[in-house]
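Chain residues, written in single-letter form:
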Amino acid sequence: MKKLKLFHSLKFRLFLLVAFVGIAPNIVLRMGVLASYESRAVSNRSIDVLSQAKVLGSQVVTYNYIADTSSEVINAQLKQLSNVYDGRVLLVNPGFQIVQDTYGLDTGKTIISEEVVRSFQGEEITKYDSKNRYIELAIPLKSADAEENQGVMLVSVSTDSIMMNYDFLRDNAHVIEIASGVVVLLAAFFCAKLLVRPFGKMTKSLEEIQAEDVDERLMVSDYTETEAMSNAFNQMLGRMRAIDDSRQEFVANVSHELKTPLTSMKVLADSLLSQEDVPAELYKEFMGDITEEIERENTIINDLLSLVKMDRSAGTLNISVVNINELLEMIMKRLRPIAEKQSIELVLESFRPVSAEVDEVKLSLALNNLVENAIKYNKKDGWVHVTLNADHKYFFVRVEDSGIGIPEESLEHIYERFFRVDKSHSREIKGTGLGLAITRNAILMHRGAIKAHSKEGEGTIFTVRIPLAYVG
Ligand code: ADP
C-alpha cells in the first residue's frame, strides 16, 4: 500500500522521469560507442592481417613452399607474421595435411574444416570469434596462371590487444557513467522537489483556510495551472460561503418569524393572567387575538414546508398534461370571494386553449400566489387582469393589478425568503414573505422564467413563461 502511494506521488514520478532522461542516454551511448569501437578495431586488424597474409601467400606460391618447406626465407617470414600479430599460421596441402604450423604442434596432421574446404574452392574467408577473442583467415594459395590450388593458408590472430583497449574504455566509461549518474540522481531529486513545491504550498494554504475559517483566498500563482486551480477554488469557496450565509440568514429569519406570533401570544396571555376579575368580553377578545396569532404561525409553517418540499424534491416533478385554462379558472374561482370582499374586479382572459406538461400542484401553487398577491396588495375597487397566451414553445401567464405597486429598490428582493416590502404597511396585509420564493422555485423547476414590472402607486405586472413541453 505504501509502495503504491509512493508511485502515485508526482514528486516520485518526476524524480524517475528526470533520472531516466538523464541516465538512459549515457548507457545507450556507452554501449553504442563500445560496440562500434570493437567492430571497427576488429575490421581494421582483419584488413591488416589479410593484406600481409596475402603478400606472404603469393611468396609461398612462388617458392612452392607447400611441396618443400625448407625455404628459410619463407620460414622467417611466417615466424615474423605470427610474432607481429600474436597469431598462428598453418599451411595445408591439397591432401588436407598440415605442412607447416608456426606453433609446431600440429605439423603432419590432417585438417578438414569447413573453412579449409571452402578455401580450396577458391574462397577467401575472414571470421571473427568474439567469444574466444581471435580472428581467423583462410586464404587459397594459387598462382595466377595455375588452375589448381597449391594449398590453403590458415591464419589466426589474437584480438587480446583490441580487447584490452576495449576493457580499458569500458571501465573508464563506467566510472564516468556512475559519476554522472550520481549527479543526475541528485539533480532529479532537487528538480522533483522544486517542481512539486507549489502543490505543497497549495495544500498548506487550503489547510490554513480550512482550520482558521477566515475570509482568506487561495492564490498559488507559481504555475498557470495552480493559478487556474486557485481561481476555481476561490469561486467555489465564494459560492459556498454565499450559500452558507444565506442559510444562516434563512435560519435567523425563520426563527424570528416564528417567534413573533409566539411573543404576541405570550403578551396577550400574560396580560390576562396578571389582571384579576377580567371581564368575559376581554377574554374573548384576547383569545380571538391569540387564535389569529396561531393561524399566522400555522401559515408560516405551511409556507416553509412547501418551500422545503420544493427544494428537496427538485427534479422530482410530477409531470402530466394539464389544461392551463382550466387551472387558471379554478384559481380564479377559489380567490373570487376574497376579491369580492375588497370589491376588486377579477378578470381572466384566455387567448387560446393551452395544454402543457407541468406539475399541476406546484404550478397551481405558484400561480395562486401571484393572483392572491395581486388581490392582497390592491386598492379598494381595483382590478386584477390575468391573461393566458402561448406560442409554439411556451405559454405565458400575465397577472396585472391596479394595486399599491412595489418600489423600484425592492423589486430585486421580492423573491427572497421572508422579504416583505415596507413592514409597516404590510402588517395590515397578512403574509409571510415566502409566497414569491415558492412561486419562483416552482417556475424555475419547470425551466421557466418570471419577471416583475411595477410602478409604485399604480400597479404591478408579473409575467411568467413556461415551456409547453417539459424538458427534464
Ligand atoms: P407575502 O406573504 O408577504 O405576500 P410574497 O413573497 O408573496 O410574500 O411577496 C413579497 C412581498 O412583495 C410582499 O410582502 C409585498 O410587499 C410585495 N408584493 C408581492 N406581490 C405584490 C403585488 N402584486 N403588488 C404589490 N406588492 C407586491
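From a predicted model like this one, the values you see are computed outputs, not experimental measurements. (Residues numbered from 1 in each chain as written. Predicted model: local features only at pLDDT ≥ 70, side-chain atom pairs only at ≥ 80, totals over all residues. Heavy atoms only, no water.)

Chemist: Describe the side chain of Glu115, naming the residues involved and giving the relevant values.
Modeler: With respect to the helices and strands, the residue Glu115 is situated in helix α4 (residues 114-120). Overall, the relative accessible area of 13% leaves Glu115 in the buried class. Within the local environment of Glu115, its side chain forms a polar contact with the side chain of Lys127, the two groups lying 3.4 Å apart. (Helix = DSSP H or I, 4+ residues; strand = E, 2+ residues; numbered from the N terminus. Buried < 20%, exposed > 50% of the residue type's maximum accessible area, 1.4 Å probe, protein only. Polar contact = N/O pair within 3.5 Å; in protein donor to acceptor, adjacent residues only side chain to side chain.)

Chemist: Got a sec to walk through the site of the ligand? Specific residues and values, please.
Modeler: Residues in close proximity to the ligand total 19 residues, the closest being Asn373, Tyr377, Arg420, Thr432 and Leu436. In this structure, Val421 approaches the ligand through a main-chain N or O atom, which is 3.1 Å from an oxygen atom. One nitrogen or oxygen atom from the main chain of Leu436 is found 2.7 Å from an oxygen atom belonging to the ligand. Summarising the interface, the protein chains cover 98% of the accessible area of the ligand, which totals 530 Å² for the free molecule. Mapped by element, the contributors of at least two residues to the shell around the ligand are α9 (360-376), α12 (435-445) and β12 (459-467). If one sorts the elements of the shell around the ligand by residue count, α9 sits on top with 3 residues. (Near = heavy atom within 4 Å. Areas by Shrake-Rupley, 256 points an atom, 1.4 Å probe, with all protein chains shown as cover.)

Chemist: Can you tell me about the domain arrangement of the chain, naming the residues and giving the values?
Modeler: The domain architecture assigned to the chain consists of domain 1 (2-165), domain 2 (224-312) and domain 3 (316-467). Using only C-alpha atoms to locate each centre, domain 2 and domain 3 end up separated by 24 Å. In this assembly, 14 residues from domain 2 lie in contact with 14 residues from domain 3. Summed over both sides, the interface between domain 2 and domain 3 buries roughly 1300 Å², with carbon and sulfur atoms accounting for 68% of that surface. (Domains from an automatic or database assignment. Contact = heavy atoms within 4.5 Å. Buried area = accessible area lost by both parts, 1.4 Å probe.)

Chemist: Quick rundown of the side chain of Ser158? Include the residues and the values.
Modeler: The residue Ser158 is located in strand β5 (residues 151-158) in this model. Side-chain polar atoms of Ser158 contact the backbone nitrogen of Asp160, separated by 3.0 Å. Among residues more than four places away in sequence, those in contact with Ser158 are Arg45, Tyr85, Asp86, Arg133 and Tyr134.

Chemist: Report on the environment of Ser355, specifying residues and quantitative values.
Modeler: Within the secondary structure, Ser355 sits in strand β8 (residues 355-359). Judged by relative accessible area, Ser355 falls into the partly exposed class, the value being 46%. Linking Ser355 and Val321, residues 34 residues apart in sequence, is a C-alpha distance of 6.3 Å. For Ser355, the residues in contact, after removing those within four places along its chain, are Val321, Val322, Asn323 and Leu468.

Chemist: How would you explain the sheet that holds β5 if you had to name every residue and give the values?
Modeler: The 5 strands lie next to each other as β2-β1-β5-β4-β3, forming an open sheet whose pairing is antiparallel. Two strands in the sheet have a free side with no partner beyond their single neighbour: β2 (98-101) and β3 (125-129). Going from strand to strand, the sheet's axes swing by 15 degrees on average, the running direction of each strand aside. The pairing of strand β1 (residues 87-92) with β5 spans 6 bridges and is antiparallel. Within β5, the position partnered with Gly87 by the bridge is Val157. Here helix α2 (residues 10-62) sits on the sheet in contact with β3, β4 (134-141) and β5, set at roughly 30 degrees to β4. (Pairing = 2+ DSSP bridges. Axes fitted to C-alpha atoms, helices over the stretch in contact; angles between N-to-C directions.)

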